[in-house]
2 protein chains.
Amino acid sequence: MLSRAVEPGDRTTSSLVRQIGPQGAVREQLAPKADSGLPDRLREVDPVRELEQAERQGIRFLVPGDPEWPQGLDDLDHIDSVQALGGTPPGLWVKGPMPLTELDTSVAVVGSRALSVYGDEVARAIAGTVAGAGVPVVSGGAKGIDFAAHDAALLAGGATVAVLACGVDRVYPEQNRRLLAHLAAEFAVVSEQPPGSAPTRIRFLARNRLIAALTRGTVLVEAALRSGALNTVGWAEQLSRSVMCVPGPVTSYVSQGVHEWFRRGGASLVTHGAEVLEVVGAAGEHLVVAPRGEERPRDQLSRSDQLVLEQVPVSSPACVVSIARLCSLHIRDADSALRRLESSGFVREVEGGWRLAGAS
Amino acid sequence: MLSRAVEPGDRTTSSLVRQIGPQGAVREQLAPKADSGLPDRLREVDPVRELEQAERQGIRFLVPGDPEWPQGLDDLDHIDSVQALGGTPPGLWVKGPMPLTELDTSVAVVGSRALSVYGDEVARAIAGTVAGAGVPVVSGGAKGIDFAAHDAALLAGGATVAVLACGVDRVYPEQNRRLLAHLAAEFAVVSEQPPGSAPTRIRFLARNRLIAALTRGTVLVEAALRSGALNTVGWAEQLSRSVMCVPGPVTSYVSQGVHEWFRRGGASLVTHGAEVLEVVGAAGEHLVVAPRGEERPRDQLSRSDQLVLEQVPVSSPACVVSIARLCSLHIRDADSALRRLESSGFVREVEGGWRLAGAS
C-alpha cells in the first residue's frame, strides 16, 4: 500500500515504517498535511487487491524484516546524504524464482547506454568471468552496458538480476523485452515501484541506489561525464561499497566519466573479471596472480652469459677484447660465452666483432 | 677519464669521487685489485685528448659541482636500492646549446618502442601540451613513444632533451638520425657514456635512471608487461618523483604494463597534458578544472518545471492528474508546467497523456 503511494526516497515514510510499522505509518500519513498528495494517494490504494493481482502475475512483495529481504538495503538508512532519494525502500517487488538473499555476494556492472564496441567487449568479459565464478551480476536492464552485462552473465551460465525503475511487469526499454522476460522467468527482476509504474527520471536515479546497496561493489565500465552510471557509483561510494573503474582510451568520450571518477580517488582500477572477484571476494578468496609478462629466452641463460650479453652492442659491433674488458672476464671466457650466445641466436659475429642478433 | 673507464652505476667509483674527488678516485682505482678491469681501462684513457676531441665536436663534459650540473642527479646517491646501476654518474656528456639547469622543471614522457596508433596520439597530445606550457620534455630518443614525445614537443614550439644509452655523437636508432641531430643542434642530447660508446642492454637500463632523476615526474604512456619503460618509472618511484600513468584499452597489450603498474598503487592517472602540469607544477600553478560535461537544456529550467519533468514517464504516457499528484501540485499548475515543457521540446502530449519527447 505504501509502496504504491510513496515516491522513491521518501525518508519520512521509511523512517515511520521502521519506528511504528507499516500500519502506523499509513495512519500517520493519512492525517491531512499541508501541500502533500500522500493522503489522497493512500486512500486510493487497495492493498489486498494489489497483492492478489501481483501474486497472479508471479510477483511477490518483500518488506524489511522478511527472511528474503536483502540486508544490504538497510545500509541506505545510514547514509547522511544531502541527496534526496536516500532511504531504505518501504518494500521491493520481485518477479522470478531467485531468492534475493543470493545477492549478498553479488557485483553490479553498470555503464552508459551508448556503449562503444570496446565497452561492449569489456563489460561482457568482466560480467562473464564474475557470473561464471558463481557471483551474481546485478544491473539495470537498460540497453548498452547493462544489456551486455546481463547477457554475458547468462552466456557464462551464471545468475543475473535486473533492478528496474518501472514496475517489474513492465518492459523498458522495448528492445530488452526478451532479456527481461528471461530474467523474470529464470532469475529475478526487482523494483521498488509497484507493478504498472512507469519509468521516470527520478525513479531511475532512485533505482541506482538500490543497485549499489544490493551488491558488494559496482564495476563502472563506460560512462560519459554526466552518465547516470556515475550516480550509481556515487551511491556505492556513500554506502562504502567497492567502486571499480575499468579504464579505456583517454580519447574516448564514454571513458571520460570513468577516468574523471577515478581521479577523484577511492576507486580501484580493474582490467578483468578476476580482479573484480579479488576486490569483492572474502579475504584471500579470489587472489589474482599479477601478470608477469612471458618468460624470455634470455632468462634461461647462465648469469655469466647474461653479463656478456648485456655488453654486446645493439648495432655496430664490438670486438671480443672490448667486450671481455667490459665484463671483467678473460678473453677466452668471453669468447666461449659469445659462441654459446651465437648458437642460441642472441648475438651475431659480423665484420668488426659482435653485435646483438635481430636488432635494427 | 673515469667516465670512459667506468660502467654505469659503479657506486664504488661515484662514492670515491664524492669523498676524495675525481683525481683521488683515479689514483685509488689504479691500485691493482683482484678481478677488476678498471686499472687497465683507466691507464688506456687520455683525458686531455678526450676532452679536446669532444670539444671539437661541440660536446661538453659536466661533473658534479659544475653550475650546469642538474641537482636532481644527486638524488641517485640517496637510493637504498637493491638494484645495481644506482649511483650518481661520474659525469655527463652533453651536446647542444640548452643549459641542463632548465631541466629542473622538466617532465619525462616514456613508453614502449612498439607503440599503437592510440599511444602515438596520446603521447603527442601530452608532450605537446606540456612542452607548449614551457615545461621541457625529456625522453630516450628511441622509436615509438620516445619519438612521438620529442617530435610533438618540437611541433608545439617547446624544448625537449634526449638522454641516450650510447655516446651523444652516435645515432641510435638509425631512423631517428634527423631527430637526434636536431636536438643536438637546438636543444640537448645527454649521456653518461663518453663519445663513441655503443648502446648495450645494461647502458639502456642505467640510462633510465637518469631520465627519472633529471625530471620532476615521468609519464608512462604505453608499456607491455616487461617494457623497459617500466624500469624508468621504477626509478622515478624510488626517487620520489611523480609517476603518471596514461590508461588505455584493457584489451591492448601495450597498456597492460601501465595498468599493472598503476594497480600497484602510488601513481597518478592522467588523461591529458593539463593534468600532468598540475601534478608536476608548483602548488596551485597549473590547476585543472575538473571536466563537468556540457550544460544540459534541462539545467536551465525552473526548479518546479524540473520537478514536473522528473515525473513524466519515459515511454507510455501519464495523464496530467497522475503527474500532478506525483509532484504534489495542483492540476492547473502541473498543466502549465507541462505546456511550458512541451514548447521547449522536453515532453510530448500523446493519446493518454504526457511522455518525454525524444525517448525511445
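Residue numbers here run from 1 along each chain, matching the order of that chain's written sequence. The lettering of chains begins at A and the numbering of ligands begins at 1, in the order of writing. With the structure being a predicted model, the display of local features is reserved for residues of pLDDT at least 70 and the display and counting of side-chain atom pairs for 80 or more, all residues being used for whole-chain, interface and lining totals. To get the side-chain values, all heavy atoms of the structure are used, and hydrogens and water are removed first.

**Q** Residue-level account of the overall build of chain A, with values.
**A** A tally of helices and strands in chain A yields 14 helices and 11 strands. Sequence separation of at least 24 residues holds for 72% of the intrachain contacts in chain A that already meet a minimum separation of 6. Only the protein chains shown count as cover for residues, and the accessible areas themselves come from Shrake-Rupley with a 1.4 Å probe. In the structure as shown, chain A presents an accessible area of about 15200 Å², 51% of it carried by carbon and sulfur atoms. What counts as a helix is a DSSP run of H or I of at least four residues, what counts as a strand is a run of E of at least two, and both are numbered from the N terminus. Throughout, a contact is declared for two residues whenever any of their heavy atoms are within 4.5 Å.

**Q** Describe the environment of V94 of chain B, with residues and values.
**A** For V94 of chain B, the location among the structural elements is in strand β2 (residues 92–95). Residue contacts for V94 of chain B: discarding those within four places in its chain leaves G58, I59, R60, L62, L100, A188, V189 and V190 of chain B.

**Q** Could you give me a rundown of the sheet that holds strand β8 (residues 242–245) of chain A, with the residues and numbers involved?
**A** All names here are of chain A. For two strands to pair, DSSP has to find at least two bridges joining them. The strand order across the open sheet built from 9 strands is β1-β2-β6-β5-β4-β3-β7-β8-β9, with neighbouring strands paired in mixed fashion. Each edge of the open sheet is held by one strand with a lone partner, namely β1 (59–62) and β9 (268–269). Inspection of the sheet shows β8 paired to β9 by 2 bridges, in the parallel sense. Counterpart to M244 in the pairing with β9 is S268. Lines fitted to the C-alpha atoms define the axes, with helices restricted to the stretch that makes contact. Angles between their N-to-C directions range from 0 to 180 degrees. Helix-sheet contacts for helix α9 (residues 228–238) involve β3 (107–110), β7 (217–220) and β8, and the interaxial angle to β7 is about 150°.

**Q** Account for the pattern of salt bridges, with residues named and values stated.
**A** Each salt bridge in this description consists of a side-chain nitrogen of Lys or Arg and a carboxyl oxygen of Asp or Glu lying within 4 Å of one another. Applying the stated criterion across every chain yields a total of 30 salt bridges over all chains. E68 of chain A is the partner of R60 of chain A in a salt bridge, and the nearest nitrogen-oxygen pair spans 2.7 Å. Assessed through its relative accessible area of 25%, R60 of chain A is described here as partly exposed. A salt bridge links R177 of chain B to E174 of chain B; the shortest N-O distance between them is 2.9 Å. With a 1.4 Å probe rolled over the protein chains alone, any residue whose accessible area is under 20% of its type maximum counts as buried; one over 50% counts as exposed, and the rest are partly exposed.

**Q** Hey, could you go over the pairing of strand β7 (residues 217–220) of chain B for me, with residue numbers and the actual values?
**A** All names here are of chain B. Because side chains alternate across β7, one face comprises the buried residues G217 and V219, and the other comprises T218 and L220, equally buried. Relative to β7, strand β3 (residues 107–110) runs parallel, the two being bridged by 4 bridges. Across the sheet, the residue bridging to A108 is T218, located in β7. Here β7 pairs with strand β8 (residues 242–245) via 4 bridges, running parallel. Following the sheet pairing, T218 is matched in β8 by V243.

**Q** An account of helix α10 (residues 253–263) of chain B is requested, with residue identities and associated values reported.
**A** Residues and elements named next belong to chain B. The element α10 is largely enclosed, with a buried count of 8 among its 11 residues. If you check which residues of α10 are buried, you get V254, S255, G257, V258, H259, E260, W261 and F262. One or two residues past the end of α10 sits G265, with phi positive at roughly 95°.

**Q** Lay out the sheet that holds strand β6 (residues 188–191) of chain B with the relevant residues and their values.
**A** Residue and element names in this part refer to chain B. Across the sheet, 9 strands lie side by side as β1-β2-β6-β5-β4-β3-β7-β8-β9; this open sheet has mixed pairing. Every interior strand has two partners, whereas the edge strands, β1 (59–62) and β9 (268–269), have only one. Examined bridge by bridge, β3 and strand β4 (residues 137–139) share 2 bridges and lie parallel to one another. By the bridge assignment for β4, A108 is matched with V138.

**Q** Explain the packing of aromatic side chains to me, using residue names and the numbers behind them.
**A** Stacked, edge-to-face and tilted labels apply to pairs of Phe, Tyr and Trp rings (six-membered ring for Trp) whose centres lie within 6.5 Å, assigned for plane angles under 30 degrees, over 60, and everything in between, in that order. The final tally for this structure, using the stated rule, is 5 aromatic pairs over all chains. Relative to F262 of chain B, the ring of F262 of chain A lies with its centre 5.1 Å away and its plane at 55°, an arrangement referred to as tilted. Taken together, the positions of F262 of chain A in helix α10 (residues 253–263) and F262 of chain B in helix α10 put the pair across two chains. F262 of chain B sits in the buried class, given a relative accessible area of 9%. Distance and angle both matter: a charge sits over a ring if NZ of Lys or CZ of Arg is within 6 Å of the ring centre and within 35 degrees of the ring normal. One Lys or Arg, R264 of chain A, reaches over the ring of W261 of chain A and ends 4.0 Å from the middle of that ring.

**Q** Give me the pairing of strand β6 (residues 188–191) of chain A: which residues, what numbers.
**A** Residues in a regular strand point their side chains to alternate faces of the sheet. Residue and element names in this part refer to chain A. Because side chains alternate across β6, one face comprises the buried residues A188 and V190, and the other comprises V189 and S191, equally buried. With 3 bridges connecting them, strand β2 (residues 92–95) and β6 associate as antiparallel partners. Bridge pairing in β6 links W93 to S191. Here strand β5 (residues 160–163) pairs with β6 via 3 bridges, running parallel. Bridge pairing in β6 links V163 to V190. In this view, the connection linking β5 to its parallel neighbour β6 by way of helix α7 (residues 177–186) has right-handed handedness. A crossover counts as right-handed when, viewed with the strands pointing away from the observer, the path leading from the first strand over the helix to the second turns clockwise.

**Q** For the side chain of E192 of chain A, give the residues involved together with the corresponding values.
**A** Residues and elements named next belong to chain A. Tracing the chain through its elements places E192 in the loop between β6 and α8 (201–214). For E192, a relative accessible area of 7% corresponds to the buried category. A distance of 2.6 Å separates polar atoms of two side chains, one belonging to E192 and the other to R209. In the analysis that follows, any N or O atom pair within 3.5 Å is treated as a polar contact, provided that within protein one partner can donate a hydrogen and the other can accept it, and provided that, for residues neighboring in sequence, both atoms belong to side chains.

**Q** Pulling in residues and values, what's your account of the packing of helix α5 (residues 117–132) of chain A against helix α11 (residues 273–280) of chain A?
**A** Residue and element names in this part refer to chain A. It is at 8 Å that the axes of α5 and α11 come closest, and there the two elements cross at 50°. Between α5 and α11, the angle is such that the two are oblique. Viewed along their axes, α5 and α11 form a crossing whose handedness is right-handed. In contact with I126, T129 and V130 of α5, α11 contributes G273, A274, V276 and L277. Per-class residue counts for the contact of α5 with α11 are 5 nonpolar, 2 polar and no charged. Small angles under 35 degrees read as roughly parallel and large ones over 145 as roughly antiparallel, with 65 to 115 read as roughly perpendicular and the rest as oblique. Should the near helix be turned anticlockwise from the far one by less than a right angle, the crossing is termed left-handed; should it be turned clockwise, right-handed. Each residue is assigned to one of three groups, with Ala, Val, Leu, Ile, Met, Phe, Trp, Tyr, Cys and Pro labelled nonpolar, Asp, Glu, Lys and Arg labelled charged, and all others, Gly among them, labelled polar.

**Q** Quick one: what's the story with helix α13 (residues 320–327) of chain A, residue by residue and with numbers?
**A** Residue and element names in this part refer to chain A. Every buried residue of α13 is accounted for by V320, I323, A324, L326 and C327. For α13, the arc enclosing every buried residue in end-on projection is 160°, short of the 170-degree limit, so these residues lie on one face. Trailing α13 by a residue or two, S328 shows a phi angle of about 55°, which is positive. Directions from the helix axis toward the C-beta atoms define the arc.

**Q** Now, about unusual backbone geometry: what can you tell me, with residues and values included?
**A** Residues and elements named next belong to chain A. Along the chain, Y172 connects to P173 via a cis peptide bond; the corresponding omega equals -5°. In this structure, P173 sits in the loop between β5 and α7. Here the phi dihedral of S240 falls at roughly 60°; this positive angle occurs in a residue that is not glycine. By secondary structure assignment, the location of S240 is in the loop between α9 and β8. Given a relative accessible area of 67%, S240 falls into the exposed group.

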